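Listed below are the residues making up each chain.
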Amino acid sequence: MSTENLSQSPEQPPRKPRVAVVFGGRSSEHGISVVTAGAVLKAIDRSQYDVLPIGITADGRWALTADEPERMAITDRRTPSVDQLAESTEGGVVLPVDPASREVVYSEPGSVPKALGEVDVVFPVLHGPYGEDGTLQGLLELSGVPYVGSGVLASAVGQDKEYMKRVFTSFGLKVGPYVVIRPREWQRDESAARKKIIDFAGEHGWPLFVKPARAGSSIGITKVDDLSGLDGAIAEAQRHDPKILVEAALRGREIECGVLEFEDGPRASVPAEIPPPDAHAYYDFEAKYIDSTPGIVPAPLTEEETAEVRRLAVEAFEAASCEGLVRADFFLTEDGDFVINEINTMPGFTPISMYPQMWQATGIGYPELVDRLVQAALRRSTGLR
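What comes next is a walk through the structure. (Residues numbered from 1 in each chain as written. Predicted model: local features only at pLDDT ≥ 70, side-chain atom pairs only at ≥ 80, totals over all residues. Heavy atoms only, no water.)

Digging into the overall build of the protein
- Broken down by element type, the protein carries 11 helices and 16 strands.
- Overall, the C-alpha framework of the protein stretches about 75 × 50 × 40 Å when taken along its three principal axes.
- Here the protein holds 385 residues, and 55% of them are scored as buried.
- Approximately 16,800 Å² of the protein is accessible, and the part contributed by carbon and sulfur atoms is 50%.
- With 38 positive and 58 negative side-chain charges, the protein shows a spacing of 3 Å between the two charge centroids. (Helix = DSSP H or I, 4+ residues; strand = E, 2+ residues; numbered from the N terminus. Buried < 20%, exposed > 50% of the residue type's maximum accessible area, 1.4 Å probe, protein only. Areas by Shrake-Rupley, 256 points an atom, 1.4 Å probe, with all protein chains shown as cover. Lys, Arg positive; Asp, Glu negative; His and termini not counted. Charge placed at Lys NZ, Arg CZ, Asp CG, Glu CD.)

Right under this line is the structure:
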């Protein structure tokens, strides 16, 4: 699909593509998604696109929200919510499930449903489960509405850190040591599951990082220095996901690289380095979003190292069958090897986030970045591709 297809009749000028920016959601990353949406709404070129903001509340209601990006910022160290922006406490937005129609409808109890017009592309800026993990992408595939970012499979792989690592390993990318505890393992025999982690620590040493297997933004992650902190870390990870991932600590530098889909295929940005934050044990949620620990862009790497991490970032993008955008996170070990930690199919996307900063340093500013992502989505069809 292209913008040339959007004319209404020979007598009328072509209408602008309509972009629904969908944000919020049911995951623990709800607030960061709202912040990201504010940045996208502020940057999107209103002379080129009509925009429809749609927020998903923490309990899953699709709400019509105010188009007021200035209200979507972190204030007093607190993230905003969709409930603060919703135009009604009861009204709901409904996407079509008929691929022949892209008409969006808004309804409130006791009122006649109101048509909001057709949507040409969805820009989903949700992070975490119920949005970044393939669930929303599946709904949009059923609806026949093009969308920004990766499809169902790549989104699911990018959300589940276990299967992400399995895919990378099968394509020859290096990953660090890890062990997974699935919900049934924990339910069947907690002692055996805990021993599995302790044996892993005996093989790879402390500290360990205990994580929700399917969460992001460093939420629910604990750095565990010895056995005494293990049970608390497991409980914290399971608050966000019943499946947990335990990783050995890697000694090295944290390097990130952005990948963006161009007309001729994916390309990598200049990389960035995340220095160890002074006031935090590691690059956690507070360091990322509240204290905004600055990264170093571009990363101080040799030409050979820069070329290698850019190559590996694109390779990871292709390995997981990604589309649109990805941020690939690596460790550059003391041995000089790049070990991939994870990819994010919808990375942090505020102007101070690392992904836009890396592309800014590569020569593509934030508004152009948003435009390129929308145009890439408009070029793609839904369905098998």
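Resuming the write-up.
Describing the layout of surface pockets
- Of the pockets and cavities examined, the second largest pocket occupies roughly 380 Å³.
- In terms of lining, the second largest pocket is formed by 18 residues, of which the most central are Gly151, Ser321, Glu323, Gly383 and Arg385.
- With 3 residues, the top contributor of residues to the lining of the second largest pocket is helix H3 (residues 152-159).
- Class assignment of the residues belonging to the lining of the second largest pocket gives a composition of 8 nonpolar, 4 polar and 6 charged. (1 Å grid on protein atoms, 1.4 Å probe; cavity = no way out; pocket = protein on both sides within 12 Å on 5 of 7 lines; lining within 4 Å. Points joined across faces, edges and corners; volume = space filled by probe spheres on them. Nonpolar A, V, L, I, M, F, W, Y, C, P; charged D, E, K, R; others polar.)

So, the pattern of salt bridges
- All chains considered together, the criterion is met by 32 salt bridges.
- In this structure, Arg385 engages Glu141 in a salt bridge whose closest nitrogen and oxygen atoms are separated by 2.9 Å. You can see Arg385 sitting in the segment after helix H11 (366-379) and its partner Glu141 sitting in helix H2 (residues 135-143), a full 244 residues away along the chain.
- Among the residues examined, Arg385 registers a relative accessible area of 46% and is labelled partly exposed. (Salt bridge = Lys/Arg side-chain N within 4 Å of Asp/Glu carboxyl O.)

Thoughts on the side chain of Glu342
- Topologically, Glu342 is positioned in strand S16 (residues 338-344).
- Assessed through its relative accessible area of 12%, Glu342 is described here as buried.
- Polar contacts involving the side chain of Glu342 include one to the side chain of Asn344, which spans 3.1 Å.
- What Glu342 contacts, discounting residues up to four positions off in sequence, is Lys161, Met164, Arg327, Ala328 and Asp329. (Polar contact = N/O pair within 3.5 Å; in protein donor to acceptor, adjacent residues only side chain to side chain. Contact = heavy atoms within 4.5 Å.)

Description of the packing of aromatic side chains
- The tally for this structure, following the rule as stated, stands at 5 aromatic pairs.
- Ring centres of Phe349 and Tyr366 lie 5.3 Å apart, and the angle between their planes is 50°; on these two criteria the pair is classed as tilted. Separated by 17 residues along the polypeptide, Phe349 in the loop between S16 and helix H10 (354-362) and Tyr366 in helix H11 bring together distant segments of the chain.
- By relative accessible area, which is 9% here, Tyr366 ends up buried.
- Members of the aromatic cluster, joined through ring pairs, are Phe123, Phe349, Tyr355 and Tyr366.
- Positioned above the aromatic ring of Tyr130, the side-chain terminus of Arg26 is 4.0 Å from the ring centre. (Phe/Tyr/Trp six-rings, centres within 6.5 Å; stacked < 30°, edge-to-face > 60°. Lys NZ or Arg CZ within 6 Å of the ring centre and 35° of its normal.)

Regarding helix H7 (residues 230-240)
- Among the residues making up H7, those that are buried are Leu230, Ala233, Ile234 and Ala237. When H7 is viewed along its axis, its buried side chains cluster within an angular range of 100° and face the same direction.
- In this structure, the buried residues of H7 make contact with helix H5 (183-188), helix H6 (190-204), strand S9 (208-212), strand S10 (222-224) and strand S11 (244-248). (Arc of directions from axis to C-beta.)

Considering the sheet that holds strand S7 (residues 121-124)
- With mixed pairing, 4 strands are arranged side by side in an open sheet as S3-S2-S1-S7. The two strands at the open ends of the sheet, each matched to only one other strand, are strand S3 (62-64) and S7. Along the sheet, successive strands turn relative to each other by an average axial angle of 30°, direction set aside.
- Alignment of strand S1 (residues 18-24) against S7, held across 4 bridges, turns out to be parallel. Bridge pairing in S7 links Val21 to Phe123.
- The strands touched by H11 are S1 and S7; relative to S7, the strand with the most contacts, the crossing angle is about 130°. (Pairing = 2+ DSSP bridges. Axes fitted to C-alpha atoms, helices over the stretch in contact; angles between N-to-C directions.)

Brief notes about the pairing of S16
- Most of S16 is tucked away, with 7 of its 7 residues classed as buried.
- Pairing analysis gives 6 bridges linking strand S15 (residues 325-333) to S16, with the strands arranged antiparallel. Bridged to Phe331 within S16 is Val339.
- Hairpin connection between S15 and S16: a loop of 4 residues separates the two successive antiparallel strands, and Gly336 in this loop has a positive phi of roughly 85°.

Some details on the side chain of Glu132
- Relative to the elements of secondary structure, Glu132 occurs in the loop between S7 and H2.
- One buried charge, Glu132, has no salt-bridge partner; the nearest side chain with opposite charge is Arg327, at 8.1 Å.
- Reaching out from Glu132, the side chain makes a polar contact with the backbone nitrogen of Gly128 at a distance of 2.9 Å.
- A polar contact of 3.1 Å, which involves the side chain of Glu132, links it to the backbone nitrogen of Met346.
- Discounting residues that sit within four places of it in the chain, Glu132 has contacts with Leu126, His127, Gln137, Ser155, Gln159, Asn344, Thr345 and Met346.

The values are spatial; any link to function lies outside them.
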